[in-house]
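# Coordinates in review
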Amino acid sequence: MNGAPTLPSPARAAEARPRGYAARVASRVTVESIVQPVPGFARVTVAGEGLTAYDPVLPADAFKLLLPAPGDDGFDFPQRGADGLPAWPQGARRPILRPYAVRDADPAAGRIVFDVALRPGGAAPLRFAAGDEIGLAGMRHGYAPASGATRHLLVGDRSALPAIAAIVASLPAAARVTAVLEVAAEEERGLLPAHPGLAAEWLVGPASAGAGSPLEQAARTVAVPAAGAHAWIGGEVGVVRALHAHLTAALGLSLAQVHAVPCWERGRTADERDAAMLERYRAAAARGRDVADPDVADAIELGA
Ligand SMILES: Cc1cc2nc3c(=O)[nH]c(=O)nc-3n(C[C@H](O)[C@H](O)[C@H](O)COP(=O)(O)OP(=O)(O)OC[C@H]3O[C@@H](n4cnc5c(N)ncnc54)[C@H](O)[C@@H]3O)c2cc1C
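Predicted, not measured: the structure shown is a model, and the values here were computed from it.

Around the ligand, 25 residues are found, and the nearest of them are Arg 98, Pro 99, Ala 117, Glu 265 and Ala 270. In this structure, Arg 268 approaches the ligand through a main-chain N or O atom, which is 3.1 Å from an oxygen atom. When the ligand sits alone it has 920 Å² of accessible area, and the protein chains cover 86% of it. For the shell around the ligand, the secondary-structure elements that each account for two or more residues are strand 6 (96–101), strand 8 (111–117) and strand 14 (258–264). Among the residues forming the shell around the ligand, the class breakdown is 15 nonpolar, 3 polar and 7 charged. A domain split of the shell around the ligand shows at least three residues from each of domain 1 (10–140) and domain 2 (151–267).

What follows is the structure, given as structure tokens:
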């Protein structure tokens, strides 16, 4: 697990499943270990029986961690409501939910590895320790470019770096990869694996947020020919929204060529974002929209 990642080539995985298909996993897991791959990040390995159902595995699949709420000694998994959205019945112990990306996976062993960007002085250090039982539910579909994609644009801040590292590790040697990445300190660059076709531009500084941020401006200078290209962008919602518009409207990439992941929102906790998002999903479902359609989901999550 600590050597070469075991994720399949994204093109092969995409051919096997339509865009948007994701494995369904819901499992109690034990935190096996927490180590520091580079200063500023914690690498967490969790294992649980239910993770053996993790199939297919796409690079940078995303999931929610379920953690007991303050004062609770455990938590309950949600049930699926009539609208297909998760809900907790009256009296259930509702957990704290935090999304992360799979960095490495060994489904046969029921094991997943993910990296957490630590924010010194931030609201939340890790809320769990080795030996704790927590929960994991997912997956949200990972990187799945069309099989003809040869040119990859990857843009992200620290919260997206683990996902981007997983994508880079999965790409064939012939792929041409342009990455525009933002970290808080030089040492954090060590999280990205080497790749023969990778050209990376690094910004070092505070997290970009909102329209017009340094990360957005740097990514806008990259020329991407639409044919054969696929983009993955992750970071603060304002940055991701602006870059999504730039790539689709200005550069002409189709919605299917852009995988946009709003990882966090300035001034809002993940709980506050989730509550607002759930309302948007409910409203869209009530209007008869297919919220399982990845393009519809992207629009909801980008607040478009
Ligand atoms: C699909 C997906 C995959 C993700 N994958 C990863 C991953 O692999 N590794 C990882 O570390 N993160 C990842 N994130 C981001 C992570 O879930 C959020 O940063 C989350 O808010 C962290 O929870 P928290 O409890 O630390 O902070 P919260 O309690 O949610 O927020 C507290 C405060 O911190 C701010 N904040 C939250 N995140 C950041 C940030 N990154 N930079 C600056 N300020 C921030 C909020 O605006 C808020 O004001 C992912 C998010 C998504 C949606």
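Considered domain by domain, the chain is made up of domain 1 (10–140) and domain 2 (151–267). On a C-alpha basis, the centres of domain 1 and domain 2 stand 23 Å from each other. Of the residues lining the interface, 18 residues belong to domain 1; the matching set on domain 2 comes to 19 residues. Joining domain 1 to domain 2, the criterion identifies 2 residue pairs in polar contact (both at pLDDT 80 or more). Breaking the side of domain 1 that touches domain 2 down by element, the ones donating at least two residues are strand 2 (41–47) and strand 8. Classifying every residue of the side of domain 1 that touches domain 2 by side-chain character gives 11 nonpolar, 1 polar and 6 charged.

Turning our attention to the nonpolar core. In a soluble, globular protein the nonpolar side chains are often hidden away together inside. Counting 25 residues, the largest nonpolar core has Leu 154, Leu 161, Ile 164, Ile 167, Leu 181, Leu 192 and Trp 232 as the members making the most contacts within it. By residue number, the principal contributor to this core is helix 2 (residues 161–170), which donates 6 residues. There are two domains that each give this core at least three residues, and those are domain 1 (10–140) and domain 2 (151–267). What Ile 164 contacts, discounting residues up to four positions off in sequence, is Leu 154, Val 155, Gly 156, Leu 181, Leu 192 and Trp 232. Formed by 23 residues, the second largest nonpolar core is a distinct cluster that contains Val 31, Leu 51, Val 57 and Val 116.

A side chain with one charge can pair with a side chain of the opposite charge if their charged atoms come near. Tallying each qualifying case throughout the model produces 14 salt bridges. A salt bridge links Asp 76 to Arg 93; the shortest N-O distance between them is 3.5 Å. Placement of Asp 76 in the loop between strand 3 (62–67) and strand 4 (79–80) and of Arg 93 in the loop between strand 5 (86–87) and strand 6 is noted, with a sequence separation of 17 residues between them. Classification of Arg 93 by relative accessible area gives partly exposed; the value is 31%.

For helix 2, the tally of buried residues reaches 9 of 10 residues, placing the bulk of the element in the interior. Among all positions of helix 2, only Leu 161, Pro 162, Ala 163, Ile 164, Ala 165, Ala 166, Ile 167, Val 168 and Ser 170 are buried.

The element helix 6 (residues 294–301) is extensively covered by neighbouring structure, given that 6 of its 8 residues are classed as buried. Within helix 6, the full set of buried residues consists of Pro 294, Val 296, Ala 297, Asp 298, Ile 300 and Glu 301. The positive-phi residue at the C-terminal boundary of helix 6 is Gly 303, with phi of around 70°.

Rules used in this analysis
Residues numbered from 1 in each chain as written. Predicted model: local features only at pLDDT ≥ 70, side-chain atom pairs only at ≥ 80, totals over all residues. Heavy atoms only, no water. Near = heavy atom within 4 Å. Polar contact = N/O pair within 3.5 Å; in protein donor to acceptor, adjacent residues only side chain to side chain. Areas by Shrake-Rupley, 256 points an atom, 1.4 Å probe, with all protein chains shown as cover. Helix = DSSP H or I, 4+ residues; strand = E, 2+ residues; numbered from the N terminus. Nonpolar A, V, L, I, M, F, W, Y, C, P; charged D, E, K, R; others polar. Domains from an automatic or database assignment. Contact = heavy atoms within 4.5 Å. Core = buried A, V, L, I, M, F, W, Y, C linked by side-chain atoms within 4.5 Å. Buried < 20%, exposed > 50% of the residue type's maximum accessible area, 1.4 Å probe, protein only. Salt bridge = Lys/Arg side-chain N within 4 Å of Asp/Glu carboxyl O.

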